[in-house]
There are 2 protein chains.
Amino acid sequence: MVPPVEGGDAALLPEFPRGPLDAYRARASFSWKELALFTEGEDMLRFKKTIFSALENDPLFARSPGADLSLEKYRELNFLRCKRIFEYDFLSVEDMFKSPLKAPALIQCLGMYDSSLAVKYLLHSLVFGSAVYSSGSERHLTYIPKIFSMEIFGCFALTELSHGSNTKAIRTTAHYDPATKEFIIHSPDFEAAKFWVGNMGKTATHAVVFAKLHVPGDQCHGLHPFIVQIRDPKTLLPMPGVMVGDMGKKLGQNGLDNGFAMFHKVRVPRQSLLNRMGDVTPEGTYVSPFKDVRQRFGVSLGGLSSGRVSILSLAVVNLKLAMAIALRFSATRRQFGPTEEEEIAVLEYPMQQCRLLPYLAAAYALDHFSKSLFLDLVEFQRGLASGDRSARQAELGREIHALASASKPLASWTAQQGIQECREACGGHGYLAMNRLGVLRDDNDPNCTYEGDNNVLLQQTSNYLLGLLAHRVQDGACFRSPLKSVDFLDAYPSILDQKFEVSSVANCLDSAVALAAYKWLVCYLLRETYQKLNQEKRSGSSDFEARNNCQVSHGRPLALAFLELTVVQRFHEHVHQPCVPPSLRAVLGRLSALYALWSLSRHAALLYRAERRCSCPGRRDRSS
Amino acid sequence: MVPPVEGGDAALLPEFPRGPLDAYRARASFSWKELALFTEGEDMLRFKKTIFSALENDPLFARSPGADLSLEKYRELNFLRCKRIFEYDFLSVEDMFKSPLKAPALIQCLGMYDSSLAVKYLLHSLVFGSAVYSSGSERHLTYIPKIFSMEIFGCFALTELSHGSNTKAIRTTAHYDPATKEFIIHSPDFEAAKFWVGNMGKTATHAVVFAKLHVPGDQCHGLHPFIVQIRDPKTLLPMPGVMVGDMGKKLGQNGLDNGFAMFHKVRVPRQSLLNRMGDVTPEGTYVSPFKDVRQRFGVSLGGLSSGRVSILSLAVVNLKLAMAIALRFSATRRQFGPTEEEEIAVLEYPMQQCRLLPYLAAAYALDHFSKSLFLDLVEFQRGLASGDRSARQAELGREIHALASASKPLASWTAQQGIQECREACGGHGYLAMNRLGVLRDDNDPNCTYEGDNNVLLQQTSNYLLGLLAHRVQDGACFRSPLKSVDFLDAYPSILDQKFEVSSVANCLDSAVALAAYKWLVCYLLRETYQKLNQEKRSGSSDFEARNNCQVSHGRPLALAFLELTVVQRFHEHVHQPCVPPSLRAVLGRLSALYALWSLSRHAALLYRAERRCSCPGRRDRSS
């Protein structure tokens, strides 16, 4: 294990080298070191510094920005780097338990270096590793040390060529043969080929394969995960019956080898079933601690929340990197000026400020949110590990699912749009590959798609909120959730009676003002969506049609506004804590207000329309 | 010259191969062949078919989608392809004069094949060639046949490392030495290196270099173009004193070799000056038909409008390609459905329709606009060529400049956002390089930047409109322009008194309704911007500050709304012509209404706010 970097503040936060940014830095109203300490804490700064120092001093991680690396070479380098990260062993299990935030911090540091590396590492250690650990049982624990030594290298094979979002339509089969006590893994046709599987293209030796489990003379028991060896670890040649390969070039993350696989009656031992949610006896009887297929299915996909939370944090990294590049460039690039002789930094233009600074505020707000949601997830996972079957634990799972499902879209889109804005705001220089904005944009792009298409995921969040309102209307239940993100909705009738009354622009510079408007907006959207949904159903639409017809105009903005409110709320509380150093309060308060007002302003048309409807008599009481 | 493709409709518009799209095609309410004939005309269809057939049958143009081509190889291939296009000689000068739209059609066909090829061809033939032809004089005509035979290969070197948009700050110098009758071209330092010059990186032998012209004992006469040999055409080695090279990898268009050059006291003959706007006598006296530096400068940059109009049409090509890919995929990809057994095409989801169909409508509207603006430009260039110095000709130049300056931003952004939407709407498959959406997005990206940053350009358009209003307010002049794009503004006081009154949603399906709202919006924005600008100036801001302070909130939306209105207006008129075949009227009318309403809806917040302000007493009469 790499020893942590030593030394005090000067070693952790050395001065910037002198240069053209000095003038701007001298004008700062706060100390950047104080801000870094407040945002990260000394222990975390030391941890990150340790990682960056190791990479900086290791020739394997030498960068050649804008280099024209072939796909083969890049994938090879990325694999070697991933292996080296395991060798560095930056984070012990004890340290991770003590400081859970170090796990995403490690992934974020790798993501700052290269998204392909972060995702490759994440897929093997967390996605594959966690699936084996949490879906398997004692008999699978032998895999764990092999995973961390990279003796075996893993991937997670759920998506197929023709089905991704609709996991219920996945068609790979696993028939149990009692004669040999084996499962027969089979892809019925090429549309059922496993597809997009990260790490599978070149280097994975093992895959967690999701397949429909059949036992003799019985119906199908639904999707179950199997650990299947797909390549010989010595030669990397495919195992008999496995056709596996690389999908080739993608828009981004080209260091990652996404692959496909088809299985032709591949026999694996009975013990290959990761059997936490269901098992098959040697004789071929299906047994499960869960009563029905739907419940089992839910548990088997429960791990997806952690994937989404990881993506949230990787999107934030991309946005942070782009902001640093674009703001520094804007502070040194001079173009035009008040006279023909005097040119001013482009950062001085209101246009440039309006284009970039809201994304800077978004980076701070989303960074805080991603950490806080990760800690919520840790609480939930500890509950799972300790066998907590309380109603609160179940509720917490649902709430985190709703938050994670909307936070991945919000963060990945904010990063996508922010990086594009940075790219354009840096003009031609932003378009040069070596300046990295293109790579950041391309590497961020899959964040909008994998672990659930953004638009599909938002429906999870709007459905959660609609379900709570239905429960309230039909059963008189309160809006209450373990993380309290929905508690304010309990007062929705009185919130909807509130009027926005602010006497001056200056007053809006407290994020509490935007927060109040957000609460009104979410209450309004929730009520409208609920009414629209019921109206669709009354006019004869099926549930499926009704939800589809409501999603564009109602469900989608509802889910986004709810999540933005949650992000704003948490950041507002964070920057208004008593422990905030007095010298940072002004700048943090401005960041909070800027993010809140900017996000809210994108709903301006909705707010105007809502105000009109609400002031139209006879509408108010049709709610619920 | 390649002979045109022969045969009737069946050869020009063969049936599509049978496949999974048949069901959708059978449901069409119109004949796609009839639509193609109406949109393009038979002669143009034949021209395009000739080009595509030639490329399809030439192994040099064989495609390997998603291939991992090295930068060197791609640039080499692109050069060879560009040369081959000249050999094919698809378009004779006579044909171009007879059917001017064939020139952009040729560029569009090349752009459909590969943006890098279209831009490489365009830069050499039109940008470099036109600069020599239109900025030079008889003595430069000897270059023209060499350009078309690719005996010499050219580039256009205006931008420098530290200055792009602010062309007045360009610092390369050209000192005249009467002793040898030569100009000395010199780059004072690396910040004055020519930069981003397309074709310069690897293959250009000659450059049109913009430099500040000095004669002995006299002041600087401002930027002038010089034709400078930069490489030996046989060896491609740099000429003495020229340091020239490739800028390396970019976000997109990597087949194009963008380059840099520094000149160390490079001596070129006096005749190298492209002397249409100013010349130096052998003795060293500066002479010019233009009275002042500003006027000369305007003429020397006049060619930029044609660059912007070309970019507009390339952006439209990118959008069209992306739409075809995404819509066809959406019609065949099935995911989820009303029951677990039945899945429906994703194109059936309202969400997918709302994401994609407005961009389809935008592709049609912008395609029509790009053609019509090109024809306006042809009219203007014919006036220039015939020496027309009328007031109308000058006004036409200003109007086209204003339209081109906003249409490049509108089209390049619409394409950028549309391609991104297509990419995401195709999920994982949209992220695979071989499906081309990534390349389209990356190749479209420079359209937002070159020939003027989009946000900077929009200021040209808002300034044009503000100038007209000032002229009206101060001198009582009418709003009148040769293309009539501003004529409606003459009635702005009465337009602002109009109320939007539509009795049903169905009535909005005529684009005339959105047009009327657009006219109101542009009048409102123009008046507000003018007031805001004057208010800024009254409160002590310089003109520079005042314009900067108005641009984000006022000037930018004004320029965009004005251009959108013009696009909507022209498309509306186009699809409501008497010559439209009756069977196409419904579908074209829907496309027109969809584009108009969708574009207008993005200004919804502004419309609500405007309505409020206008209904607030005491505000109305503060205008003008």
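Quick notes on the rules
- Residues numbered from 1 in each chain as written.
- Chains lettered and ligands numbered in written order.
- Predicted model: local features only at pLDDT ≥ 70, side-chain atom pairs only at ≥ 80, totals over all residues.
- Heavy atoms only, no water.
- Contact = heavy atoms within 4.5 Å.
- Buried area = accessible area lost by both parts, 1.4 Å probe.
- Salt bridge = Lys/Arg side-chain N within 4 Å of Asp/Glu carboxyl O.
- Polar contact = N/O pair within 3.5 Å; in protein donor to acceptor, adjacent residues only side chain to side chain.
- Helix = DSSP H or I, 4+ residues; strand = E, 2+ residues; numbered from the N terminus.
- Nonpolar A, V, L, I, M, F, W, Y, C, P; charged D, E, K, R; others polar.
- Buried < 20%, exposed > 50% of the residue type's maximum accessible area, 1.4 Å probe, protein only.
- Pairing = 2+ DSSP bridges.
- 1 Å grid on protein atoms, 1.4 Å probe; cavity = no way out; pocket = protein on both sides within 12 Å on 5 of 7 lines; lining within 4 Å.
- Points joined across faces, edges and corners; volume = space filled by probe spheres on them.
- Domains from an automatic or database assignment.
- Axes fitted to C-alpha atoms, helices over the stretch in contact; angles between N-to-C directions.
- UniProt positions renumbered as here; feature names shortened; annotations may be inferred.
- Parallel < 35°, antiparallel > 145°, perpendicular 65-115°, else oblique.
- Lys, Arg positive; Asp, Glu negative; His and termini not counted.
- Least-squares fit on C-alpha atoms with pLDDT ≥ 70 in both.

Okay, the interface of chain A and chain B next. Each side of the interface is counted separately: chain A has 69 residues, and chain B has 70 residues. For the pairing of chain A and chain B, the buried interface totals around 6,000 Å² over both sides, and the portion due to carbon and sulfur atoms is 56%. The interface formed by chain A and chain B holds eight salt bridges in total. Between B:Arg441 and A:Asp442 there is a salt bridge, with its nearest N and O atoms 2.6 Å apart. Taken together, the connections running from chain A to chain B amount to 38 residue pairs in polar contact (both at pLDDT 80 or more). The set of elements that each furnish at least two residues to the side of chain A that touches chain B consists of strand S4 (194-198), helix H12 (350-385), helix H13 (391-425), helix H14 (427-431), helix H15 (437-444), helix H19 (543-575) and helix H21 (604-614) of chain A. Along the lines of polarity and charge, the residues of the side of chain A that touches chain B split into 27 nonpolar, 23 polar and 19 charged.

Residues and elements named next belong to chain B. Tracing the backbone shows valine 317 in helix H11 (residues 304-332). Taking the relative accessible area as the measure of exposure, valine 317 reaches 1% and is therefore buried. Remark: the alpha-carbon pair of valine 317 and methionine 112, spanning 205 residues in sequence, is separated by 6.4 Å. Leave out the neighbours within four places in its chain, and valine 317 touches Gln108, Gly111 and Met112.

Further remarks concern the pairing of S4(A). Residue and element names in this part refer to chain A. Most of S4 sits out of view: five of its five residues are buried. Direction of pairing for S4 relative to strand S8 (residues 258-263): antiparallel, over a ladder of three bridges. Considered in S8, the bridge of glycine 198 is made with asparagine 258.

This part takes up empty space enclosed by the protein. As enumerated under the stated definition, the model contains two cavities of 30 Å³ or more in all. Counted as a void, the largest cavity has a volume near 50 Å³. Taken together, A:Gln459, A:Ser462, A:Asn463, A:Leu466, A:Thr529, A:Leu533, A:Arg547, A:Cys550, A:Gln551 and A:Gly555 form the lining of the largest cavity. Those elements that provide at least two residues to the lining of the largest cavity are helix H16 (454-475), helix H18 (511-538) and H19 of chain A. Residue classes in the lining of the largest cavity are distributed as three nonpolar, six polar and one charged. The wall of the second largest cavity is formed by B:Gln459, B:Ser462, B:Asn463, B:Leu466, B:Thr529, B:Leu533, B:Arg547, B:Cys550, B:Gln551 and B:Gly555. Those elements that place two or more of their residues in the lining of the second largest cavity are helix H16 (454-475), helix H18 (511-538) and helix H19 (543-575) of chain B.

It is worth spelling out the domain arrangement of chain A at this point. All names here are of chain A. Taken as a whole, chain A is organised into domain 1 (9-140 + 143-147), domain 2 (153-287), domain 3 (295-452) and domain 4 (476-497 + 509-612). Between the C-alpha centres of domain 2 and domain 3 there is a distance of 32 Å. Contacts between the two partners involve twelve residues from domain 2, matched on the other side by nine residues from domain 3. Of the roughly 1,000 Å² buried where domain 2 meets domain 3, counting both sides, 63% is carbon and sulfur surface. Of all residues in domain 2, the largest losses of buried area upon contact with domain 3 belong to Leu251, Gln253 and Met277, amounting jointly to 47% of the total for that side. Between the two partners, domain 2 and domain 3, sit two residue pairs in polar contact (both at pLDDT 80 or more). Sorting elements by how many residues they give to the side of domain 2 that touches domain 3 places strand S6 (residues 220-229) first, with three residues.

Residues and elements named next belong to chain B. Strand order in the open sheet formed by three strands is S4-S8-S7, with antiparallel pairing between adjacent strands. Unpaired on one side and paired on the other, strand S4 (194-198) and strand S7 (242-246) mark the two borders of the sheet. Averaged over all adjacent pairs, the angle separating strand axes in this sheet is 25°, with direction ignored.

Residues and elements named next belong to chain A. Read across the sheet, three strands follow the order S4-S8-S7 without closing on themselves; strand pairing throughout is antiparallel. Sheet topology places S4 and strand S7 (242-246) at the edges, where each strand pairs with a single neighbour. Put simply, the sheet's adjacent strands are angled 25° from each other on average, direction ignored. As judged from the five bridges shared by S7 and S8, these two strands associate in the antiparallel manner.

A few words on the UniProt feature "active site" (unreviewed entry) in chain A. Residue and element names in this part refer to chain A. Cross-referencing UniProt, the feature "active site" (unreviewed entry) maps to Glu451 in the present numbering. Structurally, glutamate 451 can be placed in the loop between H15 and H16. Looking at glutamate 451, the relative accessible area reads 25%, which means it is partly exposed.

All right, on to the packing of H19(A) against helix H12 (residues 350-385) of chain B then. Running from N to C, H19(A) and H12(B) cross one another at 60°; their axes reach a closest spacing of 7 Å. In this view, H19(A) runs oblique relative to H12(B), as classed from their interaxial angle. Across the interface between the two elements, A:Asn548, A:Asn549, A:Gln551, A:Val552 and A:Arg556 from H19(A) touch B:Pro350, B:Met351 and B:Cys354 from H12(B). Class assignment for the residues of the contact of H19(A) with H12(B) results in four nonpolar, three polar and one charged.

Let us look at the side chain of A:Glu343. By secondary structure assignment, the location of A:Glu343 is in the loop between helix H11 (304-332) and H12. For the buried A:Glu343, no salt bridge is present, and the opposite-charge side chain at shortest range is A:Arg334, 7.2 Å distant. In terms of polar contacts, A:Glu343 uses its side chain to reach the side chain of B:Asn166, at 2.7 Å. Apart from the residues within four sequence positions on either side, A:Glu343 is in contact with A:Arg334, A:Gln335, A:Phe336, A:Gly337, B:His163, B:Asn166 and B:Ala169.

This next bit is on the pattern of salt bridges. All told, the structure shown has 68 salt bridges over all chains when counted by the stated rule. For A:Glu421, the salt bridge identified is with A:Arg355, shortest N-O distance 2.8 Å. Taken together, the positions of A:Glu421 in helix H13 and A:Arg355 in helix H12 put the pair 66 residues apart, joining distant regions of the chain. Classification of A:Glu421 as partly exposed rests on a relative accessible area of 22%. The class for A:Arg355 is buried, based on a relative accessible area of 8%. The partner of B:Glu395 in a salt bridge is B:Arg398, and the shortest N-O contact between them spans 3.2 Å.

Attention shifts here to the environment of A:Pro59. Structurally, A:Pro59 is set in the loop between helix H4 (42-56) and helix H5 (71-88). Along the sequence, A:Pro59 and A:Val93 sit 34 residues apart, while their C-alpha atoms lie 27 Å from each other.

Of the two same-sequence chains, chain A is brought onto chain B (RMSD 0.0 Å, axial shift 0.0 Å) by a rotation of 180°. Each copy turns onto its partner about a two-fold axis. Relative to the rotation axis, the closest C-alpha in chain A is found at A:Ala605, a distance of 2.0 Å. In this assembly the copies share their binding face: 100% of the residues contributing to the interface of chain A also contribute to that of chain B.

All names here are of chain A. In terms of strand pairing, strand S2 (residues 173-177) meets strand S3 (residues 182-186) through five bridges, oriented antiparallel. Looking at S3, one finds that aspartate 177 is bridged to glutamate 182. Of the pairings in the sheet, the one linking S3 to strand S9 (residues 266-269) comprises four bridges and is antiparallel in character. Of the residues in S9, the one forming a bridge with isoleucine 185 is valine 266.

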